[in-house]
Amino acid sequence: SDTKVMTCAAVWRMPKELESGSHESPDDSSSNTQTLELLCHLDNTAHGNMACVMWEPMGDGKKIISLADNNILLWDLQESSAKAVLSSSTALEGKGQLKFTSGRWSPHHNCTQIATANDTTVRGWDTRSMRQIYCIENAHGQLVRDLDFNPNKQYYLASCGDDCKVKFWDTRNATEPVKTLEEHSHWVWNVRYNHSHDQLILTGSSDSRVILSNMVSISSEPFGHMVDDDELSDQEDQHQEEKIKEPLQDSVIATYEEHEDSVYAVEWSSADPWLFASLSYDGRLVINRVPRALKYHILL
């Protein structure tokens, strides 16, 4: 508008036929194209450009947080969902580039915490008081691009950025990362934990590559699956004890090079824990699977 680019946010409703549990085939040639119903806009005229919007992870679909310039806005969708009411907000204050680049709503702590990234800093916030609860200054040498919470370990957070690194933090003591991955050769745009197996980490970068890593030492099962003592003979028992003391090694499982340009998004399937997609500036959407050998190593 008026030669300015504005980024805004809105809430839409999907047609009933497309809701999960419906047995209608979406590609049925007789079905007409469905249109989405616009419920409401998130009015950000007073707060600047939207950087991202997050649904409450475990909620009833009534709470949304948006990050707009240097503001965190908590919205409440009314019963009819035809209106989003701003229930609380806070602004980032201080020096430097005070604009949020991304954020994640933690699925832990009764969904009362979010993490945000601005410039090289990662911050944690309590959504009840809208106060800052932790701050990791200079989390990366350059701009922080993305964040993701470990779905199974409540204090673990992953971040990635323009310094080509992926870092893993324990937010209780965030002076140093617990692990750092340096496999990419350009900006890392995205980091995603697998929803079911938190040792599997997906990253996408401007180096045109998608990397699948096995960060088993900081996962919820660092020693593999525990084996019942009764099932082991003495010799096996001794061997098992040695194995249990030795955490499995972190490693890069696979590097995917099907893209010819920057990979801007990677995402795990919400239905199949072994399936993931990546999207690149070359216009290509690529779907891949976790290698079968690793899948069975994790499962068996």
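Structure shown above.
Keep in mind the model is a prediction, meaning the values are calculated, not measured.

Enquirer: Explain unusual backbone geometry to me, please; I cannot follow it from the model alone.
Expert: Backbone geometry places T3, a non-glycine residue, at a positive phi of 60°. Along the chain, the position of T3 falls in the segment before β1 (9–13). Unlike most non-glycine residues, D69 shows phi in positive territory, near 50°. Tracing the backbone shows D69 in the loop between β4 (63–68) and β5 (71–77).

Enquirer: Could you clarify how one ought to interpret the sheet that holds strand β10 (residues 131–136) in this entry?
Expert: For sheets, the rule is that strands pair by backbone hydrogen bonds, running either parallel or antiparallel. Across the sheet, four strands lie side by side as β7-β8-β9-β10; this open sheet has antiparallel pairing. Lying at the two open borders of the sheet, with one neighbouring strand each, are β7 (100–105) and β10. Across the sheet, the axes of successive neighbouring strands diverge by a mean angle of 25°, strand direction being ignored. As paired elements, strand β9 (residues 121–126) and β10 share five bridges and run antiparallel to each other. In the strand pairing of β10, W125 is matched with Q132.

Enquirer: Would you mind going over the environment of S185 with me for this structure?
Expert: Its location among the elements puts S185 in the loop between β14 (179–181) and β15 (188–193). We classify S185 as exposed; its relative accessible area is 53%. Sequence separation between S185 and S206 is 21 residues, and the spatial gap between their C-alpha atoms is 8.1 Å. Once you skip the residues sitting within four places of it in the chain, S185 turns out to touch C164, D207 and R209.

Enquirer: How should I be thinking about the pattern of salt bridges in this particular structure?
Expert: Side chains carrying opposite charge are able to pair once their charged atoms draw close together. With the rule as written, the count across this model stands at twelve salt bridges. Across the salt bridge formed by E37 and R13, the nearest N and O atoms sit 3.7 Å from each other. Within this pair, whereas E37 is found in strand β2 (residues 37–42), its partner R13 is found in strand β1, the two being separated by 24 residues in sequence. One salt bridge in this structure joins R284 and E260, with 3.4 Å as the shortest N-O distance. Residue R284 is located in the loop between β20 (275–280) and β21 (285–289), and its partner E260 is located in the loop between β18 (251–256) and β19 (263–268); the two are separated by 24 residues in the primary sequence. Within this structure, D146, R192 and E267 form a network of salt bridges that share partners.

Enquirer: Quick question: what am I supposed to make of the packing of aromatic side chains here?
Expert: Each aromatic ring pair is specified by the distance between its two centres and by the angle formed by the two planes. Overall, the coordinates contain six aromatic pairs when judged by the stated rule. Both rings, one in Y256 and one in F276, keep their centres 5.3 Å apart while their planes meet at 70°; by these two values the pair is edge-to-face. Residue Y256 is found in strand β18, and its partner F276 is found in strand β20; the two are separated by 20 residues along the sequence. Judged by centre distance (5.4 Å) and plane angle (70°), the rings of W268 and F276 are edge-to-face. Note on W268: relative accessible area 5%, which makes it buried. Note on F276: relative accessible area 2%, which makes it buried. These aromatic residues form a ring-pair network of at least three members: W187, W189, Y264 and Y281.

Here is what the cut-offs are and how they apply
- Residues numbered from 1 in each chain as written.
- Predicted model: local features only at pLDDT ≥ 70, side-chain atom pairs only at ≥ 80, totals over all residues.
- Heavy atoms only, no water.
- Helix = DSSP H or I, 4+ residues; strand = E, 2+ residues; numbered from the N terminus.
- Pairing = 2+ DSSP bridges.
- Axes fitted to C-alpha atoms, helices over the stretch in contact; angles between N-to-C directions.
- Buried < 20%, exposed > 50% of the residue type's maximum accessible area, 1.4 Å probe, protein only.
- Contact = heavy atoms within 4.5 Å.
- Salt bridge = Lys/Arg side-chain N within 4 Å of Asp/Glu carboxyl O.
- Phe/Tyr/Trp six-rings, centres within 6.5 Å; stacked < 30°, edge-to-face > 60°.

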